[in-house]
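Chain by chain, the residues:
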Amino acid sequence: MTHPLLDLPPLTAARFAAIEDRVARLLDTRQDVLITQGEALLPLEGAIRAAAGPGTVALNVITGPYGQTFGDWLRDSGALVHDLAVPFDSAVTADQVRAAFAEHPEIDFVSLVHAEAATGNTNPVAEIGEAVREQGALFYLDAVASVGAEPVLPDAWGVDLCVIGAQKAMGGPAGVSAISVSERAWERMAANPGAPRHSYLSLLDWKERWIDGGRKALPHAPAQLEMLALDACVERIEADGLDTVMARHRDLARATRAGALALGGGLGPYVREERDAAPVATTLRVPAGTVASELVARALESDPGLPLAAGGGALAKEMIRVNHYGPDATPQVVRRALVALGAALAGQGLAVDPEAAVAAVDAFAL
């Protein structure tokens, strides 16, 4: 049997490089951009293991589960790690980062998640980046969930290692990701004897075999379908306009918060302040006496296609996540989600007003 997707000509090095250039324009960066052939955990882990090691003193900001993971990788690489943890229903501030620097002036590496889709918060990277530049530390940023939903500007913010993925706000594939790398980040990697080499995790291998070679010959066969899908989703963002795509996500986040409050039944935003709420997904706190995972299960029984999930781990009892990103970044999806949650809450004997919730959504996202 034949199929159009099985009979494509091989992806050329020139096409691969052109897609990288397109991603660089999306990030408005002059740094080297590598498209990595795997889900975003690949460059996230690869960058930490390349740039951190014995002698590194890291400030690891924890505003959700990914920040915890980064701390584990840093310690495993031999770094001395100082964790700065804030409640998951808030965001870190630049003043808190500066206070950590004052307490530990030897810090030379900072790891931060921009938007934590798992907890629904987002951090003020521009302000934090200014504080990191004052310290002279290397700045590592996970922008997987934020890219496409809010500005991601590695050059303007002084980010040395910025990882993105296409599967959330960009509405693209999960099997391919990208990282922008500053010159001083490359220097840090080259000076690290523990940086992965001859490994799928090795960013230095890619640099030497791909970038330093003028991007003329690919180091190995690319994931062709994922690369084409990435190219298509960036093209779609360009056609709509990045500002338009970001505004869509921002308006839907506001609409979801307002709709949840109007719904009643004790449901409300998990992230306390709207300024700290991520545009890519909205998390909701369930009323006392209910279990988030059970409410989500009931809501999905009535509408299985809804982008609803309970929080992970202990948060499964208290948090519901509405993933209004990518193809689900529409008012219709948010309306359906709140109506289904309202029915689940009503089944618990709680008073809800789904019509008020829908009206609140429409007021923000017409």
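Residues numbered from 1 in each chain as written. Predicted model: local features only at pLDDT ≥ 70, side-chain atom pairs only at ≥ 80, totals over all residues. Heavy atoms only, no water.

1. What to know about the state of the cysteines
Working definition: the covalent bond between the sulfur atoms of two cysteines is a disulfide.
Then, number 1: The full count for this structure, using the stated rule, is zero disulfides.
Then, number 2: The closest cysteine sulfur to the non-disulfide-bonded Cys233 is located on Cys162, 15 Å from its own sulfur.
Then, number 3: Here Cys233 falls in the buried class, since its relative accessible area comes to 2%. (Disulfide = S-S within 2.5 Å. Buried < 20%, exposed > 50% of the residue type's maximum accessible area, 1.4 Å probe, protein only.)

2. Describing the sheet that holds strand E1 (residues 32-36)
Backbone-to-backbone hydrogen bonds join strands into a sheet, with any given pair of strands oriented parallel or antiparallel.
Then, number 1: The strand order E1-E9-E8-E7-E4-E2-E3 describes an open sheet built from seven strands, whose pairing is mixed. With partners counted over all chains shown, the strands left at the sheet margins are E1 and strand E3 (80-85), one partner each. Averaged over neighbouring strand pairs, the angle between their axes works out to 15° when direction is ignored.
Then, number 2: Sheet analysis places strand E7 (residues 138-142) next to strand E8 (residues 161-165), joined by three bridges and oriented parallel. Considered in E8, the bridge of Leu141 is made with Cys162.
Then, number 3: Relative to the sheet, helix H8 (residues 203-211) contacts E1 and strand E9 (177-181), its axis offset from that of E1 by approximately 110°. (Pairing = 2+ DSSP bridges. Helix = DSSP H or I, 4+ residues; strand = E, 2+ residues; numbered from the N terminus. Axes fitted to C-alpha atoms, helices over the stretch in contact; angles between N-to-C directions. Contact = heavy atoms within 4.5 Å.)

3. Things to note about empty space enclosed by the protein
Then, number 1: The final tally for this structure, using the stated rule, is two cavities of 30 Å³ or more.
Then, number 2: In this structure, the largest cavity encloses a volume near 60 Å³.
Then, number 3: Lining of the largest cavity is provided by Thr36, Gln37, Leu42, Pro43, Tyr200, Leu201, Ser202, Leu203, Trp206 and His220.
Then, number 4: Mapped by element, the contributors of at least two residues to the lining of the largest cavity are helix H2 (41-51) and H8.
Then, number 5: Grouping the amino acids of the lining of the largest cavity by side-chain chemistry returns six nonpolar, four polar and no charged. (1 Å grid on protein atoms, 1.4 Å probe; cavity = no way out; pocket = protein on both sides within 12 Å on 5 of 7 lines; lining within 4 Å. Points joined across faces, edges and corners; volume = space filled by probe spheres on them. Nonpolar A, V, L, I, M, F, W, Y, C, P; charged D, E, K, R; others polar.)

4. Re the packing of helix H1 (residues 13-27) against helix H9 (residues 224-240)
Then, number 1: In contact at an axis separation of 10 Å, H1 and H9 are set at 35° when each is read in the N-to-C sense. Where H1 crosses over H9, the two elements pack in a sense that is left-handed. Contact residues: H1 offers Arg15, Phe16, Ile19, Arg22, Val23, Arg25 and Leu26, while H9 offers Met227, Leu228, Leu230, Asp231, Val234, Glu235, Ile237 and Glu238.
Then, number 2: Classifying every residue of the contact of H1 with H9 gives nine nonpolar, no polar and six charged. (Left-handed = near helix turned anticlockwise from the far one by under 90°.)

5. Structural notes on the environment of Leu34
Then, number 1: By the element assignment, Leu34 lies in strand E1.
Then, number 2: Placed 76 residues apart in sequence, Leu34 and Val110 show a C-alpha to C-alpha distance of 21 Å.
Then, number 3: Contacts of Leu34, omitting those with residues within four sequence positions, involve Glu20, Ser177, Ala178, Ile179, Trp186, Leu203, Trp206, Trp210 and Ile211.

6. Examining the layout of surface pockets
Where empty space is left can be seen by rolling a probe of water-molecule size over the atoms.
Then, number 1: When its volume is computed, the largest pocket comes out at roughly 430 Å³.
Then, number 2: Around the largest pocket, the lining comprises 23 residues; the ones closest to its centre are Thr122, Glu150, Arg275, Ala277 and Pro279.
Then, number 3: Elements with a minimum of two residues in the lining of the largest pocket: helix H5 (125-135) and helix H10 (242-263).
Then, number 4: With five residues, H10 is the single largest residue contributor to the lining of the largest pocket.
Then, number 5: Grouping the constituent residues of the lining of the largest pocket by class yields 12 nonpolar, three polar and eight charged.
Then, number 6: Empty space within the second largest pocket amounts to approximately 200 Å³.
Then, number 7: Along the wall of the second largest pocket there are 18 residues; nearest its centre are Tyr66, Ala117, Val144, Ala145 and Lys168.

7. Some remarks on the packing of aromatic side chains
Then, number 1: Applying the stated criterion across every chain, the model contains six aromatic pairs.
Then, number 2: Seen in terms of ring centroids, Trp206 and Trp210 are 6.5 Å apart; in terms of plane orientation they differ by 85°. Their pairing is edge-to-face. Note that Trp206 and Trp210 are positioned in helix H8 at a spacing of four residues, about one turn of the helix. The pair formed by Trp206 and Trp210 is uniform in burial state, with each residue classed as buried.
Then, number 3: Here the aromatic cluster, defined as three or more aromatic residues joined through ring pairs, consists of Phe70, Trp73, Phe109 and Tyr140.
Then, number 4: Its guanidinium or amino end placed over the ring of Trp186, Lys207 lies 5.6 Å from that ring's centre, counting from NZ or CZ. (Phe/Tyr/Trp six-rings, centres within 6.5 Å; stacked < 30°, edge-to-face > 60°. Lys NZ or Arg CZ within 6 Å of the ring centre and 35° of its normal.)

8. Comments concerning the sheet that holds strand E12 (residues 308-310)
Then, number 1: With antiparallel pairing, four strands are arranged side by side in an open sheet as E10-E11-E13-E12. The open sheet has two edge strands with one neighbour each: strand E10 (268-269) and E12.
Then, number 2: Sheet topology places strand E11 (residues 282-285) next to strand E13 (residues 319-322); four bridges connect them, and they run antiparallel. What sits directly across from Thr283, in E13, is Arg321.
Then, number 3: Against the sheet, helix H11 (residues 292-302) touches E12 and E13, its axis set at about 155° to E12.

9. Things to note about the nonpolar core
Then, number 1: Leu161, Met170 and Leu230 are the most contacted members of the largest nonpolar core, which totals 80 residues.
Then, number 2: In terms of residue count, H1 provides more of this core than any other element does, eight residues in total.
Then, number 3: Ala255, Ala260, Ala329 and Ala340 belong to the second largest nonpolar core, which has 25 residues in total. (Core = buried A, V, L, I, M, F, W, Y, C linked by side-chain atoms within 4.5 Å.)

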